[in-house]
Each structure stands twice: as C-alpha cells, then as structure tokens.
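Structural overview
This is what each chain is made of:
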Amino acid sequence: MNDAVRMNLAEVHATATELLLAQGFNDIHAEAIANTVTAAERDECRHHGLFRIPFYVNALKAGQASPDAEPTLTTLAPGVIRVDAHNGFSPLALERGDEPLAKLAQQNGVAVLAVNNALNVAALWPEVERLAERGLVAFAFVSAAPYVAPAGGTKPLFGTNPMAFAWPRLDAPPLVFDQASSASARGEIQIRMRDGKSLPEGWAIGPNGKSTTDPKTALAGAQLPFGGFKGSSIALMVELLAGPLVGDALSFEAGERDKAKTGAPCGGELIIAIDPARCVPGGDRKAQLAHGELLFTKILEQEGTRLPSDRRYEARKRTVKDGVFVPRSLYEDLQTFRAGKQIKKLNDYEGDSLIHEQALKSLAS
Ligand code: NDP
C-alpha cells in the first residue's frame, strides 16, 4: 500500500499522546484520548482514530474544550451515578465512571451512569464492550450536533445519535453493536462530495425539503434517519436519554453552543449496565449466556450473516500483530506537526474533509 504508512499500535499511541500533550492537554487527558484513538485504529474504525486528533485539538484551541478538567463523580440515587466532565473530552470521564458503574450494577442488578458536559467525538463501543467484559449487559446513548431531520420534517434537528449495545459471551469477546440513527454517517456524505460522487436516494434532503443525491445540497439541507419514522423515533429516544433525562443538551442546543463549529459537541451520555445474574431467580449467568449463544449459532447458520463486532475483532487480531495502515497524507501531517513545524498543506484525508480542513488550520496556527 504505497499511499499508506504502516504503524504499530505503540507508535499510534505515542504519536497521539505527543501531539495532544504538545497542544496543551494534560497528561491524563492526553493518555485517555490516546487510548481511545488507538483502540479505534486497532479495530479499524478509522474515523475515530488518528483522523480525529485535529478535532480534539480544534475544540481545545477554540476554547470549547478544557485541557485539564478533572471529572467529578457523584451518587444521585442508589443505582444512579453521575460524572461531570466539566467541558473535558469524554474518554477521561468514561474511564472515571467505568468501574463505579460496574460495581453498582453488580450490587443492584442495574445501574445508570449519567455523563454531563463532555465533548464527544468518539465511538460508543469501547464503553459498552468494557462493561460486557465484566459480565454485564450494557447500553450507551449519545446525542450530537443537529444534522438530521425528524421523519416528515425538512430541517436538521437530531444528531446522528448513536446507540450501542453489548452482551457478554461465554468463550468469546462480547457481542457489540454500535450504530448511528441516521441513514449514513456525515463523513460519508463529505467523502462523496470530495470524490465527486452522488449519494444513494434516502440519505438526505436539500434545503427545499426535496430528496437529493447531490452531497453539497445534502450538507446544506438535512440528513435523514435510517428506516424512516422508525429510525427517527430511535433518534428521538437518544435525544431524550442523553439530554433531558441526564440534565444535558439536546443536539440543537449543543450545536448552538459549538460557536466555533468545531464539530465537537458538548453534552450528555447515558450508560446503563445490567447484571444478567440478577435478572433471573437463582441467577444462572452461565445458562443465560449459553441461551444467548444459541441465538448466535442460529444466526450464523444462515449464509451471508455475521455478528456485529466480528469485523472489529478480526481486525484487532490482525492489527495487534501487524500494525495499522495510516493514510500517508495523514501520517505526514501528523509527523510534521509532531516535530513542531507548521503543516504547509491542507489535505483531505479519508473522511470528514470540511471539518478536517478547519481543524488542520487550527493545528497549524
Ligand atoms: P456502521 O453502519 O458502520 O455499523 C453499525 C453496526 O453494525 C456496527 O456495530 C457493525 O459491526 C454492525 N454491522 C455492520 N455490518 C454488519 C453486518 N453485515 N452484519 C451484522 N452487523 C453489521 O456504523 P455507523 O456508521 O452507524 O456508526 C459508526 C460509528 O460512529 C459508531 O461507532 C458510532 O458510535 C459513531 N458515531 C459517533 C457519534 C458521536 O457523536 N460521538 C455520532 C454518530 C456516530 P462492526 O463494527 O463489526 O462492523
């Protein structure tokens, strides 16, 4: 692969950490963000890997993200805890809430973690996967900036609002799905605009409310939820769970707060953890998980199926051994920047080119 550079995961982590420290994040935030970025590269979820470093830095330089906020943990009710990120990025807040949430779920059967005032530009699978590794069933919900019109509407209101679910397995890593509630990721539309490609029908509408296959018109208009009103209801649910339920912003409010349009909205996240053994009389976790395995077996008996998260685990096996391929343009700019020099050119990487360009300008300033 001539247009890509191979890096091992230690190099990915070191590069991310050095860049974040050089830009002013304190060591615990830099470490937590670098862990998140490295996990994304490891699982070949590249839109949340090194590609995101400029987003983190851009929000810091715009004065929207705290470089050193210490998250505070409080207990709100016997089964409800809260981590206030105080305008820091979410990875550290999630690290702080992880263990107390798991312990509470094991004690009570079910527990809820409300994360507040956190900037979130990451995937959700790491937090639910970690809980399922401890034998818990887990859900996570995050709202974002307003990009998606409600079903039948024409104006952006919902975020791309992902939700994630994890289920522990007997002799395998947890089953996890983590999906946006929009028909496509925003970055997908921007990639197609960059590449001069049209969109499939059903992804977006233009400012006139009519369906469009033109990426530029789509970005000026609104994305659509997946599956019509059904996806719209899921986006609505995520708004309520990650916003009013935990006392935090709706996507459109987070969008208003993001004055510098950094693409790093600040808001809430809801995580729910359930101990399966506390959900049946006598608590036979092994039997419950074996019952779940039966479903997975039946799914996989059908040709053409796979389980969600299988792709990530396959990637993980490969990348832990062989490293990852980072687009050369991204690698070179990060190295230039790492050496303390200005980035001379603004590249489109493999994703969110518009926001990325803005972010790189900020990195170079
Ligand atoms: P995808 O559509 O790529 O994947 C969604 C889920 O479906 C994944 O769990 C994936 O598993 C699974 N999947 C894909 N194909 C199959 C298949 N053939 N059979 C079974 N399962 C399958 O993700 P999205 O584009 O919806 O979201 C991408 C990421 O962006 C998520 O991690 C999300 O959290 C994040 N995001 C974050 C936002 C934020 O504000 N922080 C906003 C919006 C999205 P696998 O991983 O194994 O492919």
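So, a few notes on the structure that sits alongside this text.

Basis of the calculations
- Residues numbered from 1 in each chain as written.
- Predicted model: local features only at pLDDT ≥ 70, side-chain atom pairs only at ≥ 80, totals over all residues.
- Heavy atoms only, no water.
- Pairing = 2+ DSSP bridges.
- Helix = DSSP H or I, 4+ residues; strand = E, 2+ residues; numbered from the N terminus.
- Axes fitted to C-alpha atoms, helices over the stretch in contact; angles between N-to-C directions.
- Core = buried A, V, L, I, M, F, W, Y, C linked by side-chain atoms within 4.5 Å.
- Buried < 20%, exposed > 50% of the residue type's maximum accessible area, 1.4 Å probe, protein only.
- Domains from an automatic or database assignment.
- Contact = heavy atoms within 4.5 Å.
- Phe/Tyr/Trp six-rings, centres within 6.5 Å; stacked < 30°, edge-to-face > 60°.
- Lys NZ or Arg CZ within 6 Å of the ring centre and 35° of its normal.
- Salt bridge = Lys/Arg side-chain N within 4 Å of Asp/Glu carboxyl O.
- Near = heavy atom within 4 Å.
- Polar contact = N/O pair within 3.5 Å; in protein donor to acceptor, adjacent residues only side chain to side chain.
- 1 Å grid on protein atoms, 1.4 Å probe; cavity = no way out; pocket = protein on both sides within 12 Å on 5 of 7 lines; lining within 4 Å.
- Sits in = over half its atoms within 2 Å of the grid points.
- Nonpolar A, V, L, I, M, F, W, Y, C, P; charged D, E, K, R; others polar.
- Points joined across faces, edges and corners; volume = space filled by probe spheres on them.

**Let's talk about the sheet that holds strand 7 (residues 175-179)**
For sheets, the rule is that strands pair by backbone hydrogen bonds, running either parallel or antiparallel. Here we have 7 strands laid out as an open sheet, ordered 2-3-4-11-5-6-7, and mixed in their pairing. Strands at the two margins of the open sheet, each flanked by one partner only, are strand 2 (72-77) and strand 7. On average, each strand axis in the sheet is inclined to that of its neighbour by 15 degrees, with strand direction left out of account.

**Considerations on the nonpolar core**
A general trend in soluble globular proteins is that nonpolar side chains are found buried together. Leu101, Leu113, Val128, Leu131 and Ile271 are the most contacted members of the largest nonpolar core, which has 32 residues in total. Among the elements of the structure, helix 2 (27-42), strand 3 (80-89), helix 4 (90-108), strand 4 (110-119), helix 5 (125-133), strand 5 (137-142), strand 6 (163-167) and strand 11 (266-274) are those that each provide at least two residues to this core. Residue contributions to this core peak at 6 residues, all from helix 4. Two domains each provide a minimum of three residues to this core, namely domain 1 (4-61 + 323-362) and domain 2 (72-182 + 225-286). For leucine 101, the contacting residues outside a window of four places in its chain are Ile81, Ala111, Val112, Leu113, Leu131, Ile271 and Ala273.

**Quick word on the packing of aromatic side chains**
Tallying each qualifying case throughout the model produces 6 aromatic pairs. On the numbers, 5.3 Å between centres and 55 degrees between planes, the contact of phenylalanine 139 with phenylalanine 165 is tilted. Residue phenylalanine 139 is located in strand 5, and its partner phenylalanine 165 is located in strand 6; the two are separated by 26 residues in the primary sequence. Relative accessible area serves as the criterion here: at 24%, phenylalanine 139 is assigned to the partly exposed category. With relative accessibility at 17%, the residue phenylalanine 165 sits in the buried group. Each member of the aromatic cluster is reached from another via a ring pair, and the members are Phe139, Phe141, Phe165 and Phe177. The positively charged end of arginine 312 is found above the aromatic ring belonging to tryptophan 125, 4.0 Å away from the centroid. Of note, arginine 312 hangs over the ring of tyrosine 313, and the distance from its end group to the ring centre comes to 5.2 Å.

**Overview of the sheet that holds strand 9 (residues 211-212)**
Taken together, 3 strands build an open sheet; the order of strands is 9-8-10 and the sheet is antiparallel. Two strands bound the open sheet, and with one partner strand each, they are strand 9 and strand 10 (222-223). Where strand 8 (residues 204-205) meets strand 10, 2 bridges bridge the pair, whose relative direction is antiparallel. Across the sheet, residue isoleucine 205 finds its bridge partner in strand 10, namely alanine 222.

**Some points on the pattern of salt bridges**
Using the criterion set out here, one finds 19 salt bridges in the structure. Of the charged contacts in the structure, one is a salt bridge between arginine 316 and glutamate 129, with a shortest N-O distance of 3.0 Å. Taken together, the residues arginine 316 in helix 11 (residues 310-322) and glutamate 129 in helix 5 connect sequence positions 187 residues apart. Taking relative accessible area as the criterion, glutamate 129 reaches 5% and is therefore assigned buried. Arginine 328 is paired through a salt bridge with glutamate 332; the nearest N and O atoms lie 3.9 Å apart. Taken together, the residues arginine 328 and glutamate 332, both in helix 12 (residues 328-338) and 4 residues apart, mark about one turn of the helix. By relative accessible area, which is 35% here, arginine 328 ends up partly exposed.

**Description of the site of the ligand**
The local shell around the ligand holds 20 residues, among which Ala122, Asp178, Ala180, Ser309 and Arg311 are the closest. In the model, an oxygen atom of the ligand is placed 2.8 Å from a nitrogen or oxygen of the serine 309 main chain. If you map the ligand onto the pockets, it falls in the largest pocket. For the shell around the ligand, the leading source of residues is strand 7, giving 4 residues. When the residues that make up the shell around the ligand are grouped by side-chain class, the tally is 10 nonpolar, 5 polar and 5 charged.

**What about the layout of surface pockets?**
A volume near 1100 Å³ is recorded for the largest pocket. Element by element, the count of residues in the lining of the largest pocket is highest for strand 7, at 4 residues. In terms of residue class, the lining of the largest pocket is made up of 20 nonpolar, 11 polar and 9 charged. Counting only domains with at least three residues in the lining of the largest pocket, you end up with domain 1 (4-61 + 323-362) and domain 2 (72-182 + 225-286). When its volume is computed, the second largest pocket comes out at roughly 260 Å³. For the lining of the second largest pocket, the element with the most residues is helix 5, which contributes 6 residues. Here the residues of the lining of the second largest pocket are counted per class, giving 9 nonpolar, 4 polar and 7 charged. Two domains each put at least three residues into the lining of the second largest pocket: domain 1 (4-61 + 323-362) and domain 2 (72-182 + 225-286).

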